[in-house]
Amino acid sequence: DESVNNKRKANDIYASLLSKNMAYELQFQTRLKVAKSTNLTNKANAEKVVKSFKKLLRDDNNREYFDQIHYEIANVYLESGDRSKAIEHYKLSAWLGDDNFSQKANTYLALGDLYFNENSFEQAGSYYDSCASIVPQNHPNYNEIVKQQNILSGLISNLQAIKTQDSLQA
């Protein structure tokens, strides 16, 4: 499969860059790229990537990146099929990300999408509301986020009206 081969090539390239002497920020971002280019459907690979991210969490030099690291751990768990651990780490990412509004928006969006895809519209709406309130206008999905938030807000309002009517009629 072409996408698997491309992922493998990308992984090899990024992994080879890690042995180079580079600025800390660049090295950190390269580690993220290595993880993203790993075949995470393989349980052993997913565990190895999570372990490497958790090692980054033990280093205080990475404190400003903890939100991003938890976000990436969540993505690994999600791709490998562990939804509950993904949610746990997305929530940690949102909680830790104070100043990085773009990252926080991505985290809220991921949580909103997770709940939306499970038809948990009220939970999804809460995360879309949070996302829409902080997402920078230059975010690549800004218009879609605001549109989805407005749609969910209307849907939730209608669902609550239906619940109220059902309750009153019962």
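Residues numbered from 1 in each chain as written. Predicted model: local features only at pLDDT ≥ 70, side-chain atom pairs only at ≥ 80, totals over all residues. Heavy atoms only, no water.

Caption draft 1: The arrangement of the packing of helix 3 (residues 43–57) against helix 4 (residues 66–79) in detail. Two elements in contact, helix 3 and helix 4, have axes whose closest approach is 10 Å; the angle formed by their N-to-C orientations is 165°. Relative to helix 4, the element helix 3 lies roughly antiparallel. The interaxial crossing formed by helix 3 with helix 4 has left-handed handedness. Where helix 3 abuts helix 4, its residues Ala46, Val49, Val50, Phe53, Lys54, Leu56 and Leu57 lie against Phe66, Ile69, His70, Glu72, Ile73, Val76 and Tyr77. (Axes fitted to C-alpha atoms, helices over the stretch in contact; angles between N-to-C directions. Helix = DSSP H or I, 4+ residues; strand = E, 2+ residues; numbered from the N terminus. Parallel < 35°, antiparallel > 145°, perpendicular 65-115°, else oblique. Left-handed = near helix turned anticlockwise from the far one by under 90°. Contact = heavy atoms within 4.5 Å.)

Caption draft 2: Quick peek at the side chain of Asn62. Checked against the element boundaries, Asn62 lands in the loop between helix 3 and helix 4. Given a relative accessible area of 0%, Asn62 falls into the buried group. Discounting chain neighbours no more than four positions away, the residues touching Asn62 are Tyr24, Phe28, Leu56 and Ile69. (Buried < 20%, exposed > 50% of the residue type's maximum accessible area, 1.4 Å probe, protein only.)

Caption draft 3: Spatial organisation of the confidence of the model for the protein chain. Per-chain confidence: the protein chain averages 83 in pLDDT, with 94% of residues scoring 70 or above. Within the protein chain, no element has a lower average pLDDT than helix 1 (residues 2–17), which sits at 66, and none a higher one than helix 5 (residues 83–96), at 94. (pLDDT = per-residue confidence, 0-100.)

Caption draft 4: Molecular detail of the pattern of salt bridges. Across all of its chains, the model carries two salt bridges by this definition. The partner of Asp60 in a salt bridge is Arg63, and the shortest N-O contact between them spans 3.0 Å. By the burial criterion, Asp60 is exposed, and Arg63 matches it. Arg83 is the salt-bridge partner of Glu118, the closest N and O atoms lying 2.1 Å from each other. Note that Glu118 is positioned in the loop between helix 6 (101–117) and helix 7 (121–134) and Arg83 in helix 5, a separation of 35 residues in sequence. Taking the relative accessible area as the measure of exposure, Arg83 reaches 30% and is therefore partly exposed. (Salt bridge = Lys/Arg side-chain N within 4 Å of Asp/Glu carboxyl O.)

Caption draft 5: View of a positive patch on the surface. On the surface, Arg31, Lys51, Lys55 and Arg58 cluster together into a patch of positive charge. Summarising the element assignment, Lys55 is placed in helix 3. Judged by relative accessible area, Lys55 falls into the exposed class, the value being 57%. (Patch = residues over 30% accessible without salt bridge, like charges linked within 9 Å, V, L, I, M, F, W, Y side chains within 5 Å. Areas by Shrake-Rupley, 256 points an atom, 1.4 Å probe, with all protein chains shown as cover. Lys, Arg positive; Asp, Glu negative; His and termini not counted. Charge placed at Lys NZ, Arg CZ, Asp CG, Glu CD.)

Caption draft 6: Looking closely at the packing of aromatic side chains. Summed over all chains, the structure comprises four aromatic pairs. When the centroid spacing of 6.2 Å and the interplanar angle of 35° are considered together, the rings of Tyr108 and Tyr127 count as tilted. Taken together, the positions of Tyr108 in helix 6 and Tyr127 in helix 7 put the pair 19 residues apart, joining distant regions of the chain. Here the two residues Tyr108 and Tyr127 agree in accessibility, since each one is buried. Note on Tyr115 and Tyr127: the rings are 5.8 Å apart at their centroids and 5° apart in plane angle, and the pair reads as stacked. Linking Tyr115 in helix 6 with Tyr127 in helix 7, this pair joins segments that are 12 residues apart in sequence. With respect to class, Tyr115 is no different from Tyr127; both count as buried. Following the ring pairs from residue to residue traces out a cluster consisting of Tyr108, Tyr115 and Tyr127. (Phe/Tyr/Trp six-rings, centres within 6.5 Å; stacked < 30°, edge-to-face > 60°.)

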